[in-house]
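Fold and contact review
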Amino acid sequence: MTTLLSVRDLRVWLDTARGPLPIVDGVSFDISAGQVFGLAGESGSGKTITALALLGLLPAGARTGGSAILDGRDLMTMRTAQRRRTRGREVAMVFQDPMSSLHPMLTIERQLTEHLRYQLGMSRKEADERAVELLTEVRIPNPEAALRGHPHQFSGGMRQRIQIAIALACEPRLLVADEPTTALDVTVQAGILRLLHRLCQEKDLAVMLITHDLGVLSALADTVTVMYAGRVVESGPTAQVMGRSRHPYTRGLVDSLPHPEAADRALVPIAGEPAGPESRPAGCAFHPRCRYMEPPCATAVPPLIRIDDGREMACPVDPLVASLAR
Amino acid sequence: MSLLELRDVEVVYQRRDGTLVPAVAGASLDVNAGEIVGLVGETGCGKSSLAKAAVGLVPVASGSITFEGRPVHVLGRRARPVSERRLQLVFQNPYESINPRRTVGAQVADAFAIGRTQARSSWRPRVEDLLRQVGLPATMARRFPHQLSGGQRQRIAIARALAADPAMIVLDEPLSALDASVQAQVANLLVELARNLHVGMLLISHDLAIVRHVAHRTAVMYLGVIVETAPTADLWTAPMHPYTQALIDSIPHADGAGHLPVALPGEIPDPARPPSGCRFHPRCPRVMDRCLSEVPELVAKDGGRRVACWLHEAPGGARRAADGPSVAP
């Protein structure tokens, strides 16, 4: 299992009249080939911005720091032309809503072969043959006919499959999928999750799966990193982070979900609402909502500490973390 | 008699080319006072159309809708009849259903102004009461919607519905625009309100898991028809219809165990050209010969359940579900 992408101390901030406004505040993680890396968090936690920063797709005005090493090259300091080659060929992205990320007026063929011809320099005939292969790969029925269609002629699930086919066109090694199933029904979602799982296994593809849906992460991810207010609060193997969550925020999230085996148990929501970038509390950003809050939480940002079951977490109140820190 | 009764409701839309699309093709459902009924199904199954028909936002092509024993009128140019003010609707997106240019308090008080039910002097304390009832501080009345989070806005939308002193609230996907931790807060609020105010609720959702925690009874809809209704706990532990089973199996669990959910093959068909026989038969893992040609009726079973599936055909003439009384949990 080799590390494909190594992100260290990634920071994204906006320069405002009142000084820098941090959006992503020192995030580090590794993504391995053939594995699904899950990035969890609620809206405003900075998970999408993290992905956009890696791809160089941040809105104008956003400033970045830190490094993201893919094959010895730093994505964060790459020149525009080189980054454009990397994007699509080595790193590809799938977005939440295929209706808005596919061009409504162009045929599927045009959108699927554009990449092949521009990035790989294929002839039209070659590109068409490859396009049929790709659509077969993502299980689109009758791929030759599908190539002549337009996005509106396909259902949400099929559009998402087409989007994945476009992303796979240049055989990238990392697929960044931002909420790829959020707009879909559960029955269709299950199919997309199985498709991503199969691609990961068969093609040794690394997948960065960004979602707020812990069920989706549990099903697919090998490792999970949980973000809150721009920082990582807990990360590690999925079985640990989801099955035996320790950080009060992760545990709170899991408890607020409907549980499959205990329907009679009431949902236990986390008090309050997630903090946006402009209103992030000092110290541990989660402290105003935390049941276990102690005075130091409100002043010092807790560091991520590795505990012996393979996870890292940022909570000084946790007994295991406290014993290690001593 | 139930508080809200839908009987063989059909909702038909017309496409631009003239094709008639029966979005709801004969659905019957009852909701009693103080009861939360969940209505689940995939996109395009007609659940939102049924919800809109239930409050008179779209006309029904056939069938009937009665609220407190009187037929529900289709919304037109005239004001809604006074008798229907106690039938309220909450929409999915609280960013669109609330006016951004008016204070929260003024919007909650709309119901008093329209209903002319109370003296103007009592509006303010009543608005503050309502805000507290939905778990917001009374000071929220002076705020504008942009100062509120998604969860707070959805609470305001619920407070607006409550201002009309409703007996029945229809909620169309009220939780799906909210973050997970906030979703649980609003879900618990609905349960509390139904219990404390004895309000009936029809909760439309694509999320079977959350409905399971909130609803007393759940109805499963597929391509315009209701295929199964049952007390929620029974529906979950022992689903009778293969479609209900498929919905349950496709839900991923946040337990870290790494089980891939089971996908249901195929897609929901075009409602303008529904499959013959049982509408679910092309996707059904347990399809039989008769499913291809004969339409299964929604028949009553033990324990207040109803199911429309040939696998559960009752021996010796089952009652037709729509004629039977509804069973409260």
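Keep in mind it's a predicted model, so treat the numbers as computed, not measured. (Residues numbered from 1 in each chain as written. Chains lettered and ligands numbered in written order. Predicted model: local features only at pLDDT ≥ 70, side-chain atom pairs only at ≥ 80, totals over all residues. Heavy atoms only, no water.)

**A closer look at the packing of helix α5 (residues 124-137) of chain A against helix α7 (residues 156-168) of chain A**
Residues and elements named next belong to chain A. Put simply, the rule reads: For helices, the fitted axis covers only the stretch in contact; all axes are lines through C-alpha atoms, and the angles between them, taken along N-to-C directions, range from 0 to 180 degrees. A run of H or I in DSSP counts as a helix once it spans at least four residues, and a run of E counts as a strand once it spans at least two, with each numbered from the N terminus. Here is the rule for angles: anything less than 35 degrees is roughly parallel, anything more than 145 is roughly antiparallel, 65 through 115 is roughly perpendicular, and the remaining ranges are oblique. What makes a crossing left-handed is the near helix being turned counterclockwise from the far one by less than a right angle; a clockwise turn instead makes it right-handed. When checking whether two residues touch, look at their non-hydrogen atoms; a contact exists if any pair is within 4.5 Å.
In contact at an axis separation of 9 Å, α5 and α7 are set at 130 degrees when each is read in the N-to-C sense. Considered as vectors, α5 and α7 are oriented oblique to each other. Along this stretch, α5 crosses α7, giving a crossing that reads as right-handed. Within the contact between the two elements, α5 uses R130, L134 and L135 and α7 uses I162, A165 and L168.

**Re the pairing of strand β7 (residues 174-178) of chain A**
Residues and elements named next belong to chain A. Heads up, the rule is: The buried label applies to any residue whose accessible area, calculated with a 1.4 Å probe on protein chains only, is under 20% of its type's maximum; exposed applies above 50%, and partly exposed to all values in between. In this analysis, strands are considered paired if DSSP registers two or more bridges between them. Classification remark: right-handed applies to a crossover when, strands pointing away from the viewer, the course from the first strand over the helix to the second runs clockwise.
Within β7, 5 of the 5 residues are buried, which leaves it mostly tucked inside the rest of the structure. Here β7 shows no split at all, with L174, V176 and D178 on one side and L175 and A177 on the other all buried. As defined by bridge partners, strand β6 (residues 91-94) adjoins β7 across 4 bridges and the pair is classed as parallel. The residue bridging V91 from the neighbouring strand is L174, located in β7. Pairing of β7 with strand β8 (residues 206-211), which is carried by 5 bridges, proceeds in the parallel orientation. Within β8, the residue paired with L174 across the bridge is A206. What joins β7 to β8 is helix α8 (residues 186-203), and the crossover it makes is right-handed.

**Details of helix α4 (residues 108-120) of chain A**
Residues spaced three or four apart along an α-helix face the same direction, because each turn holds 3.6 residues. Residues and elements named next belong to chain A. Rules: Multiplying 1.5 Å by the helix residue count minus one yields the expected span of that helix.
When the terminal C-alpha atoms of α4 are compared, their 18 Å separation across 13 residues agrees well with the 18 Å that a helix rising 1.5 Å per residue should span. Three or more residues of α4 are buried, namely I108, E109, Q111, L112, T113, L116 and Q119. The elements touched by buried residues of α4 are α2 (80-89), α5, α6 (143-147) and α7. Within two residues after α4, G121 carries a phi angle of roughly 65 degrees, on the positive side.

**Here we look at the pattern of salt bridges**
Defined as follows: When a carboxyl oxygen of Asp or Glu lies within 4 Å of a side-chain nitrogen of Lys or Arg, that pair is called a salt bridge.
This model, assessed by the stated rule, comprises 34 salt bridges over all chains. Across the salt bridge formed by E234(A) and R311(A), the nearest N and O atoms sit 2.7 Å from each other. Of the two residues, E234(A) is situated in strand β10 (residues 231-237) and R311(A) in the loop between β11 (305-306) and β12 (312-313); the sequence distance between them amounts to 77 residues. Owing to a relative accessible area of 0%, E234(A) belongs among the buried residues under this scheme. Since its relative accessible area comes to 2%, R311(A) is described here as buried. For R290(B), the salt bridge identified is with E294(B), shortest N-O distance 3.1 Å.

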